[in-house]
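This is what each chain is made of:
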Amino acid sequence: MNRQIQTIDFNEQPFIAIWEVTQACDLACVHCRASAQPDRDPMELSTEEGKHLIDKIAELKVPVFVLTGGDPIKRPDLFELIAHARSVGVRVSLTPSATPLLTKEIVVRLKEAGLARLAVSMDGASAKTHDAFRGMSGSFARTLDAVRWANEIGLPIQINTTFSRRNISEIDEIVALMEKMEIALWSVFFLVPTGRGKLDDLLSAEEFESVFAKIYGLSKIASFDIKTTEAQHYRRYVLQQKVAERKSGLGFGSVHEKTVDAIGRAPRGLNDGKGFVFISHKGEVFPSGFLPLSAGNIREEELASIYRNSAVFRDLRDTSKLDGKCGSCEFKEICGGSRARAYAVTGNLHAEEPRCSYIPKGYAQPALQMKRATTLHVLQGA
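Quick notes on the rules
- Residues numbered from 1 in each chain as written.
- Predicted model: local features only at pLDDT ≥ 70, side-chain atom pairs only at ≥ 80, totals over all residues.
- Heavy atoms only, no water.
- Axes fitted to C-alpha atoms, helices over the stretch in contact; angles between N-to-C directions.
- Helix = DSSP H or I, 4+ residues; strand = E, 2+ residues; numbered from the N terminus.
- Parallel < 35°, antiparallel > 145°, perpendicular 65-115°, else oblique.
- Left-handed = near helix turned anticlockwise from the far one by under 90°.
- Contact = heavy atoms within 4.5 Å.
- Buried < 20%, exposed > 50% of the residue type's maximum accessible area, 1.4 Å probe, protein only.
- Pairing = 2+ DSSP bridges.
- Right-handed = clockwise from strand over helix to strand, strands pointing away.
- Arc of directions from axis to C-beta.
- Salt bridge = Lys/Arg side-chain N within 4 Å of Asp/Glu carboxyl O.

Looking at the packing of helix 4 (residues 104-113) against helix 6 (residues 139-153)
Relative orientation of the contacting elements helix 4 and helix 6 amounts to 45°, with a least axis distance of 10 Å. When the interaxial angle is binned, helix 4 and helix 6 end up oblique. Crossing handedness for the pair helix 4 and helix 6: right-handed. Taking contact as the criterion, the partners of Lys104, Val107, Val108 and Lys111 in helix 4 are, on helix 6, Trp149, Ala150, Glu152 and Ile153.

Structure follows, in structure tokens:
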């Protein structure tokens, strides 16, 4: 791994920065954190403001920079922004929506502009499940087309899958489908009930563990890498499995060679606001796309200053403030639980991860825990 990546101080610079270039999108996904709309917002960051943001990303030496939405293809200056990023040494990933706007010509132009990785979503093993998830017929087929087109021109591809109550029954089929794909990374998201995401669609703690087992098993044989988003406790699960394997003498087997495309992986556990920053279409800075607590706006203050000094970000990086099981957990420095999910379900930024089944060593579970959901928080620009 690159030495610079290994030495990143998450108090000083993020490992991942995501810019929501627009909230405009022709899909109406059931889990959409942004509750995206068909038309662009006139308050979006302009082309010049976008280039300024990219320059600041370059100054911060952020290893992973993602353009997301909404649907980024809705912005006519998208190729200009990617080309500018390439010119200042910023490697860009892009998450377009699988709509008729995503054509082979567009994929080719994205690569020519300097795109480093294309990320598309696949939330079911069948068109029926995926298209219902995405709210548009034909989305599944377009996703498969995009993967094929990217493969044909040598553009690294990433698949994003969000697990929820709506597709958990297809997990075995989804895993089998991933095994057949020519991809660099499978990014597994776990629902946070914000935006259009509903609390009723959230998996149980036991179902989280079941998904962890499936993706960990695949990670040992797949040619691609696997990462999780908003499932920080997967790191705890992996450590537990590795310890168990070493004790049983099974921890020294061969590891399948992974696809490499020069997009770095974090050297240690990220969390909302801890190595991670999200910039909305209006320039608002959030600890995560799923955590609706604005720490400032890049139209008024530099990104580096907001990330390093804002009360929200500093608060999130202080693990001594964690409540409940998370505060007592021996894994809290590498995990810390999803701060976004804790906030969405309880309204408390520091509450324990609502979907973790692990009981820390020596932890005495309170006799009565009120885990009823409070008001769900709708994210402005994330």
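Having seen the structure, we can now continue with the description.
Section: unusual backbone geometry
The omega angle of the peptide bond from glycine 69 to glycine 70 is 15°, so this bond is cis rather than trans. Mapped onto the elements, glycine 70 comes out in the loop between strand 2 (64-68) and helix 3 (78-87). Positive phi is not limited to glycine here, since lysine 61 has a value of about 55°. On the basis of relative accessibility, which here comes to 51%, the residue lysine 61 falls in the exposed class. Here glutamate 230, not a glycine, exhibits a phi torsion of approximately 55°, which is positive.

Quick notes on helix 5 (residues 127-134)
The set of residues buried in helix 5 consists of Thr129, His130, Asp131, Phe133 and Arg134. Tucked inside the fold, the buried residues of helix 5 contact strand 4 (117-121), helix 6 and strand 5 (157-163).

Observations regarding the sheet that holds strand 5
As summarised here, the arrangement of the 10 strands in space is 7-6-5-4-3-2-1-8-9-10, forming an open sheet in which the pairing is mixed. Each having just a single partner strand, strand 7 (225-229) and strand 10 (296-297) make up the two edges of the open sheet. The strands that helix 6 touches are strand 4 and strand 5; relative to strand 4, the one it contacts most, it runs at about 165°. The strands touched by helix 7 (residues 171-180) within the sheet are strand 5 and strand 6 (185-190), with strand 5 carrying the most contacts at an inclination of about 175°.

Notes on the pairing of strand 6
Within strand 6, six of the six residues are buried, which leaves it mostly tucked inside the rest of the structure. Where burial is concerned, the two faces of strand 6 agree: the one with Leu185, Ser187 and Phe189 and the one with Trp186, Val188 and Phe190 are both buried. In this fold, strand 5 hands off to helix 7, which returns the chain to strand 6; that crossover is right-handed. Sheet analysis places strand 6 next to strand 7, joined by five bridges and oriented parallel. By the bridge assignment, phenylalanine 189 is partnered in strand 7 with threonine 229.

A closer look at helix 4
All of the buried residues in helix 4 are Ile106, Val107, Leu110 and Ala113. Buried residues of helix 4, seen end-on, are gathered within an arc of 125° and therefore sit on one face of the element. The exposed residues of helix 4 that point more than 90 degrees off its buried face are Glu105 and Glu112. Packing partners of the buried residues in helix 4 comprise helix 3, strand 3 (92-94), strand 4 and helix 6. Looking one or two residues beyond helix 4, the residue adopting positive phi is glycine 114, at roughly 120°.

With respect to the pattern of salt bridges
Under the criterion given, the structure shown has 21 salt bridges. In this structure, arginine 75 engages glutamate 44 in a salt bridge whose closest nitrogen and oxygen atoms are separated by 3.7 Å. Of this pair, arginine 75 sits in the loop between strand 2 and helix 3 while glutamate 44 sits in the loop between strand 1 (16-20) and helix 2 (47-60), placing them 31 residues apart in sequence. Residue class for arginine 75 comes out buried when judged on its relative accessible area of 2%. Judged by its relative accessible area of 6%, glutamate 44 falls in the buried class.

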